[in-house]
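# Residue-level structure breakdown
One-letter residues, chain by chain:
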Amino acid sequence: MRIIGTGSALPKKIVTNEMLSEFLDTSDEWITTRTGITSRHVISDERLEDLGAEAAMKALDMAGLGVEDIDLFIVSNVVSEHITPGMSCVVAEIIGLNCPMFDINCACPGFIYALDMAEAYYKAGKAKNVLIACIEEPTRMTSWQDRSTCVLFGDGAGAVVLTAGDNIKGTKLKAQPDTDKLFMRRVLESTPYINKAESDIPLQMRGREVFRFAVEACTHGVKSLLDEVGIKKEDVSWFMVHQANKRIIDSIIDFMQVPADRLPVNIQDHGNSSSASCPILLDECNRKGMFKEGDIIVLSAFGAGLLSGAAVLEW
Ligand code: UT7
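To keep things clear, this report deals only with the structure shown in the data block. (Residues numbered from 1 in each chain as written. Predicted model: local features only at pLDDT ≥ 70, side-chain atom pairs only at ≥ 80, totals over all residues. Heavy atoms only, no water.)

A separate point is the overall build of the protein. If you tally the helices and strands in the protein, you get 10 helices and 13 strands. Against the 2.2 N^0.38 benchmark of 20 Å for 315 residues, the protein shows a C-alpha radius of gyration of 19 Å, consistent with a compact globule. Dimensions of the protein, computed from C-alpha atoms along their principal axes, come out at roughly 50 × 45 × 35 Å. Going through the 315 residues of the protein one by one, you find that 55% of them count as buried. Across the protein, the fraction of contacts at a sequence separation of at least 24, relative to all contacts at a separation of at least 6, is 75%. Here the protein contributes 31 positively and 44 negatively charged side chains, and the mean placements of these two sets differ by 5 Å. (Helix = DSSP H or I, 4+ residues; strand = E, 2+ residues; numbered from the N terminus. Rg over C-alpha atoms; globule rule 2.2 N^0.38 Å. Buried < 20%, exposed > 50% of the residue type's maximum accessible area, 1.4 Å probe, protein only. Contact = heavy atoms within 4.5 Å. Lys, Arg positive; Asp, Glu negative; His and termini not counted. Charge placed at Lys NZ, Arg CZ, Asp CG, Glu CD.)

On to the site of the ligand, then. The environment of the ligand is formed by 23 residues, the closest being Thr 26, Arg 34, Arg 208, Asn 245 and Asn 272. In the complex, the protein chains occlude 75% of the 960 Å² of accessible area that the ligand would expose alone. Counting residues per element, the ones that place at least two in the shell around the ligand are α2 (28-35), α6 (147-150), α7 (207-229) and α8 (246-256). By residue number, the principal contributor to the shell around the ligand is α7, which donates four residues. In the shell around the ligand, the residues fall into 11 nonpolar, seven polar and five charged. Residues lining the shell around the ligand come from more than one domain, with at least three contributed by each of domain 1 (2-166) and domain 2 (171-314). (Near = heavy atom within 4 Å. Areas by Shrake-Rupley, 256 points an atom, 1.4 Å probe, with all protein chains shown as cover. Nonpolar A, V, L, I, M, F, W, Y, C, P; charged D, E, K, R; others polar. Domains from an automatic or database assignment.)

Phe 111, Leu 115, Ile 132, Leu 162, Met 240 and Leu 299 are the most contacted members of the largest nonpolar core, which has 35 residues in total. Taken together, the elements giving at least two residues each to this core come down to β4 (72-76), α5 (110-123), β6 (130-136), β7 (156-163), β11 (238-241), α10 (277-287), β12 (296-303) and β13 (305-314). It is α5 that provides the largest number of residues to this core, a total of six residues. In terms of domain composition, this core takes at least three residues from each of domain 1 (2-166) and domain 2 (171-314). Among residues more than four places away in sequence, those in contact with Phe 111 are Ser 76, Ile 132, Cys 134, Val 160, Ser 275, Cys 278, Pro 279, Leu 282 and Leu 299. (Core = buried A, V, L, I, M, F, W, Y, C linked by side-chain atoms within 4.5 Å.)

Its location among the elements puts Lys 246 in helix α8. We classify Lys 246 as partly exposed; its relative accessible area is 28%. Sequence separation between Lys 246 and Val 187 is 59 residues, and the spatial gap between their C-alpha atoms is 34 Å. In this structure Lys 246 touches Thr 35, Gly 36, Val 265 and Ile 267, once residues within four positions along its chain are discounted.

Purely spatial values, then, with no claim about function.
Written out as structure tokens, the structure is:
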């Protein structure tokens, strides 16, 4: 497949580190030095699905396609107010899309999982034009009393449109199932046989362990994928890495021995927006005109699961 359109949408409310330090025992200095984040967009009076619809329409506009041209719609979403139907149906109703659609919940690497699925549908002859939207609201997953998690996240949506082509050079997905390092749990309704005795658990993260996993998953995943597709790291124009922590990105630069200016960073303005992080970064760089035809772009993301994935594209 080939990406022919990108789009993104962000909540209008910007929350700075100083604003957080008004009600949390934290500081701009701690957040900036430990994460590289200075502000993030947080949903206030918007609806998540409207951000998803906006990102999707922007990607369709750039692609020059209408909703009637799309054969498959894949949405990556971790939480929303809609348990069922999925966010794909909720967004499709807004934009008037009626092709087959489904949601995936693969946490932060969701965009790469979705690319892999789009390519598989295309190769199976089941879809030619695919819309992917990553629509995330992690600020509703954390406890805003927990300084170790709520300062890290921001909300937003990123989308791409893919069509026939030979530009996805390879994808590599990996799972190391471990559900205790990064999770959120919701208690379901009581039944005559189960009493709802427990409480919901907001997002919990063993930060240092996830940090180590992230650096290892990214460096090994990217190196082995590049070997598989026969592309040297020196020939990669851009490494688009999940924006979870600037220090993770710096460690990847050190381990992989690649020039820092080939890893675009926007975490300072967004925080970690889960699976929306990669397509938002892709859209921002694309709209700045950073990509030239023929550029090799590597995408890499990691997160809850523990899942990780990498993709190599030719622009
Ligand atoms: O997208 C999913 C993938 N997620 C990630 O990749 C996140 C990976 N992990 C990380 O990015 C980092 O581990 C964190 C940013 C989450 C934490 O940074 P750290 O350098 O690993 O800090 P730490 O958790 O070891 O905490 C150091 C200290 C602790 O205090 P003590 O115990 O040393 O007294 C924390 O209580 O920093 C304290 N702390 C804070 N202080 C001020 C934790 N959060 C804050 C805060 N403000 N917001």
